[in-house]
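# Chains, contacts and geometry: an overview
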Amino acid sequence: TNGGIQMSGDVMLHVKQTLDAEQRRSLVAYLDDRLGIGWDAHDSIKPHLLFVSTDPEKAPPHAVLDAVRQCGYDARLVDL
């Protein structure tokens, strides 16, 4: 076990489409609903990047990527 310490993992996604503020909010709301990511998405000065903090056990990077793709976006994981 990890001694009760909640681990978090940072996931950076590159989204091919340019997301405006409303699309970004809508996508993060969907990720929160699906994976419990919450509003911890960090804005980037680069409109194609979405940076989120997740619990890797509940929302591993591939699950985040799959959820973004299910919203119709062309996305890929960016190694940190």
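About the criteria used
- Residues numbered from 1 in each chain as written.
- Predicted model: local features only at pLDDT ≥ 70, side-chain atom pairs only at ≥ 80, totals over all residues.
- Heavy atoms only, no water.
- pLDDT = per-residue confidence, 0-100.
- Contact = heavy atoms within 4.5 Å.
- Axes fitted to C-alpha atoms, helices over the stretch in contact; angles between N-to-C directions.
- Helix = DSSP H or I, 4+ residues; strand = E, 2+ residues; numbered from the N terminus.
- Parallel < 35°, antiparallel > 145°, perpendicular 65-115°, else oblique.
- Left-handed = near helix turned anticlockwise from the far one by under 90°.
- Nonpolar A, V, L, I, M, F, W, Y, C, P; charged D, E, K, R; others polar.
- Expected span 1.5 Å × (residues − 1).
- Buried < 20%, exposed > 50% of the residue type's maximum accessible area, 1.4 Å probe, protein only.
- Arc of directions from axis to C-beta.
- Polar contact = N/O pair within 3.5 Å; in protein donor to acceptor, adjacent residues only side chain to side chain.
- Salt bridge = Lys/Arg side-chain N within 4 Å of Asp/Glu carboxyl O.

Considering every residue of the protein, the mean pLDDT works out to 81; 80% of them sit at 70 or more. Low pLDDT (under 50) marks residues 1-6, which in the prediction has two contacts with non-local residues, meaning those over four places away or in another chain.

Our next topic: the packing of helix α1 (residues 21-35) against helix α2 (residues 61-70). How two helices pack is summed up by the angle between their axes together with the distance between the axes. Relative to each other, α1 and α2 sit at 125°, their axes nearing to 10 Å. By the angle between their directions, the pair α1 and α2 is classed as oblique. In this structure, α1 crosses over α2, and the sense of that crossing is right-handed. Judged by residue contacts, Leu27, Tyr30, Leu31, Arg34 and Leu35 of α1 engage Ala63, Val64, Ala67, Val68 and Gln70 from α2. Of the residues in the contact of α1 with α2, the class split is eight nonpolar, one polar and one charged.

Attention shifts here to α1. An ideal rise of 1.5 Å per residue puts 21 Å on 15 residues; α1 measures up with 21 Å between its terminal C-alpha atoms. Arg24, Leu27, Val28, Leu31 and Leu35 are the residues of α1 that are buried. All buried residues of α1 project into a common sector of 95° when viewed along the axis, lining one side. Tucked into the core, α1 has its buried residues touching β2 (49-54) and α2. Its side-chain oxygen at 3.1 Å from the backbone nitrogen of Glu22, Asp20 defines the N-terminal cap of α1. Positioned one or two residues after α1, Gly36 has a phi angle of 70°, which is positive.

Enumeration according to the criterion identifies one salt bridge in this entry. Here Arg25 makes a salt bridge to Glu22, at a shortest N to O gap of 3.0 Å. Of this pair, Arg25 and Glu22 are both found in helix α1, three residues apart, which corresponds to roughly one turn of the helix. Using a relative accessible area of 45% as the deciding quantity, one classes Arg25 as partly exposed. Residue classification places Glu22 among the partly exposed residues on the basis of a relative accessible area of 47%.

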